[in-house]
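Spelled out from the first residue to the last, the chains are:
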Amino acid sequence: MTRTSHRLTGLAATLVILLLAAGTPALLVALDAAPWRQGWSEITTLLTNPDDGRLALLVVACAAWIAWAVMAWLFAVEIIATLRGAPTLRLPGLGVPQEYVGQLVAAAALLFTVGPAIAPSFAATPVHATPDVGTPAATLPAGDVATAADADSALPTAAEPVPAQDTVAYTVRRGDSLWKIAEEHLGDGLRYREIVYLNKDVLHGEPDFIDPGLVLRLPRSVDDDPGAVDTDDTYVVEPGDTLWEVAEAELGDGARFVEIFEASTHTVQPDGEQLSDPSLIHPGWELTVPSQNGHSPVVEPPVESKSPVVKPPVEDNSPVVEPPVESKSPVVDKDGSDQSWLLPGLVGAGALLAGGAFAAVRAHRRTQLRHRRPGFTIAPPPEHLRRVEKTITVSGAATADVIDQLDRLLRHLAACTAEAPPVAAIELASDTVTLHLADPCELPAPWSGDTVRWSAPLIPSPPDEDVIPPYPLLASVGQSDDGHLWLLNLEQAASVALVGDCERATALARHLAAELALSPWSTLVSVEVLGLARELADLDELRLRHHGDDPDFLGDLLADLTEAQATGTGDPEPYVLLLAPEERDPRIRDLTDLVLGQNSRSGLAVVQVGAGEATDVILDLTGDGRLRVPSLNLDLAAAGLTADEAAACASLVNLTRDITPTPVPRAEPSAPLGALADQAGALIEDVTDPRPPGEAGPTSLLPEEAQRYEAVAATTAADIEQLAPRVPEETRRKVLETDPQLDEDLAAWLDPHSPLPKLHLLGPVTFAAPAEAPHSVQERRAYYTELIAFLALHPSGVSSRQICEAFGVSASRARTDVGHLRRWLGTSARTGEDHLPKATTAPAHTDRGTSGYQLHDVLVDFDLFRRLRARGQARGCEGMTDLVTALDLVTGEPFTALRRAGWTWLLDDERLHETATLAVVDVSHVVVTDALSRGDIAGARRAAEIGCLAAPYDEICRLDLAKVAETDGHETLAGRILREHVFDRSDDYLAPVDLSERTEAVRGQG
């Protein structure tokens, strides 16, 4: 939309407002629709006599005047709010008309938005921002005289260099214009052109129309110290706020309210008042919150790309498991979240390595589940590996799927061709893969292109051909500036030299070794490492062998390859990547000569760190993290792992091979059942009694003797002891008294017309609230759903600081998000209280004197599940119906359909997403065991299927499902379930693992 159309739109809206506000009463008076002219006696006559039409006209006239009065009031509210730049007071029951009135007023504001189109002519104003040291100050394009209408043409073109200058961020508020912003923050409204100049990409050629929420860069005042930019935040007072509360939430200490008071005393508030008494603040006032560390550096917005380009860090020769973050600027996600905990070597150019690590950890986790016993969980990685786990989760979860698609696509190509095309490099975009061939070749569909460059789309489920991967020595080396990842076929290159900056070259060598030890197409590769990458020794002992500084293995390798070349037939087994410093042993040059002169496929690639020969493929690395490959004319951001990152990655992958189960942690003490149950909802050992020999009696979920259940179900005596102990009467009484509202909450959950908000976690995550989400929430629903889940899973309450840490946002942003959420949730129809009380009125503050945000009267299926499980167990065999009801809450695999790059806080806490899954499996197992003992095949099958739905890789529910099929006479189906999902199942590239002790015991029972 052009500036002229903006003005015309504003003019039209203004005329409509005037017509409605002034024209309506004039029209009514002209039509003699004036009820006040009717006397009381005349009105009485109209009411007591048959209507001749005059009474109806009188009623219509009254309704018209009332409607006009309401409309005029709405216009007044919206106009005043727009002029003040404050949030509009939402009027109860008038949401729909107020929304339309607001849109009309907003459109009318276009006519009065001060911008270049109506400014007088003036000489070009120099930019006043203080330049960086050694950088000349930026000025607007030269010209003797420039009119305001020439602002667009005065902006620099794309071809002109844009000098760097210091800026500060400003978020546009309602009622702002560029003139107003320049006048308030730069001291002169005429300096709006500097804002236009600095934000030409953000304003999209429309500098006279800005939306609330838009972030602009403003020139920094010449009076500012270049090394210390003012980053004070502004906080808008809400009803009930105190300076102490604001200081506690924003600065972490209520006693620091004096700092906010002193910083805000000179601010003229929207009502014209100024802060003079720290105990008296009014809603709508703006408080200045000082920066918590005095001054903070300005962080320029990141360059937008499909995936971040990250420079590899410099190697540290004394590795520790917890790698430091080297980037001085935080990694910021597209929604503004700080992700500075990301390890640089596993994002951007290292994304494929992160995907391989993620796939390896996921496979190991699935194997751990196979060894889990009912009532236990799998141990989480230690805290010092938390950052690497979160990084591979965020960076690797998406690329793991891409790796699988690429692997299948290349194997399909090999199946469709007599000989695999000679690939030199592969370029991987978000939805396309491009092969760069060493020699001309014709490729079959779906490949398209010319003789040496062929492309094909990445599709979700390409054919899975049973052929050997054609390019087992394929590894990523860097990322282009357009976000594409580049992979080199090291086998085709044969001899590669990593030259240039030694630390960067060593980092790339570590990256190549780690990726080939984890990649699915490199399962036949043996990575032989000499004198480098000691940190990766434990990554995969079968695929990566570290020889320290001992070169003796080179003789055997040379002899094997020489013999293979003499025969000249067959595929190599294994393929070999030799990674070593520059010619530490003369046999390395012998191996290089052998592979360069091979007469049949040797399957060997030699990669050396140091000076290269003329016959080598050169990978030249610079100190600033760039990689140049002259033979392919590539200039990339180099991949690379620091010693610390490599050690952390290897430790995490190796640690998840441990199959030792661990007890489920107890619930939070402040939770309703915190003193009685664990996080999965099972009653803790302290409040239950062991099962006696023989029958347990009605105080147990499974009252008969354990041998009876072992004979009919896929269970063991240890399972029954763990899941169905006896419950004393005292515990039963405490559980029932602690949770008297369970049935009412359950009925509200099952009622589709219930006015209570509902959070679904036992399946794809969704949130439903009776009120329509505000526009600011609708566009960010996934983010706010995650925030609701964060609050719901911390029933003791969370501070704004905890929200900041979990979501990587500022304190003011956290409070803003909570405010939006509070307005969306509204008040409870049952209690009349806010679903999200203020920090000082939440139960945590009332009960324990600590401020925190807590949800009130919001229903959560996982919470209901745990409460039902606890009550069911407390009621003994009578409580089996509660467990069946709990399973009815499950709609799929818990905690799925999550916001991309979000939910990493689940890995910081008690890992409740994993607890939810195992809780469903354990409850399912109890229900299946009970149903089979009673001959209820249908009930047993349904419970087993729910368990498998929630946990596709858990072995307990698969054994249950097979037992149900066998009991129902479907022995062939039972056998197939056992073969495919238990006996012959492999979670990685290796053969099936040995059966767990529990599975062997169940199998032995027949």
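Residues numbered from 1 in each chain as written. Predicted model: local features only at pLDDT ≥ 70, side-chain atom pairs only at ≥ 80, totals over all residues. Heavy atoms only, no water.

- Under the annotation held in an unreviewed UniProt entry, the protein carries the name LysM domain-containing protein and is attributed to Nocardioides daphniae.

## Concerning the sheet that holds strand E23 (residues 859–860)
Okay, step 1: Taking strand neighbours across the sheet as the criterion, the three strands line up as E22-E21-E23 in an open arrangement whose pairing is mixed. Strands with a single pairing partner mark the edges of an open sheet, and in this sheet they are strand E22 (766–768) and E23.
Okay, step 2: Here strand E21 (residues 758–760) pairs with E22 via three bridges, running antiparallel. Bridge pairing in E22 places Leu759 opposite Phe767. (Pairing = 2+ DSSP bridges. Helix = DSSP H or I, 4+ residues; strand = E, 2+ residues; numbered from the N terminus.)

## Re the packing of aromatic side chains
Okay, step 1: Applying the stated criterion to the full structure yields eight aromatic pairs.
Okay, step 2: Geometrically, the ring pair formed by Tyr783 and Phe807 is edge-to-face, given 5.5 Å between the ring centres and 70° between the ring planes. Taken together, the residues span a long stretch of sequence, with Tyr783 in helix H23 (residues 781–792) and Phe807 in helix H24 (residues 800–807) at a distance of 24 residues. The pair formed by Tyr783 and Phe807 is uniform in burial state, with each residue classed as buried.
Okay, step 3: With 6.3 Å between their ring centres and 80° between their planes, Phe895 and Trp903 make a pair best called edge-to-face.
Okay, step 4: Using a relative accessible area of 5% as the deciding quantity, one classes Trp903 as buried.
Okay, step 5: Each member of the aromatic cluster is reached from another via a ring pair, and the members are Tyr783, Tyr784, Phe790, Phe807, Phe895, Trp903 and Trp905. (Phe/Tyr/Trp six-rings, centres within 6.5 Å; stacked < 30°, edge-to-face > 60°. Buried < 20%, exposed > 50% of the residue type's maximum accessible area, 1.4 Å probe, protein only.)

## Considering the nonpolar core
Okay, step 1: In terms of nonpolar packing, the biggest core is built from 88 residues, with Leu761, Ile803, Phe807, Leu821, Phe865 and Trp905 touching the most fellow members.
Okay, step 2: By residue number, the principal contributor to this core is helix H29 (residues 912–933), which donates eleven residues.
Okay, step 3: Those residues in contact with Trp905 that sit more than four places away from it in its chain are Glu786, Ala789, Phe790, Leu793, His794, Ala806 and Phe807.
Okay, step 4: In terms of nonpolar packing, the next biggest core, distinct from the first, is built from 60 residues, Leu518, Val529, Leu636 and Ala638 among them. (Core = buried A, V, L, I, M, F, W, Y, C linked by side-chain atoms within 4.5 Å. Contact = heavy atoms within 4.5 Å.)

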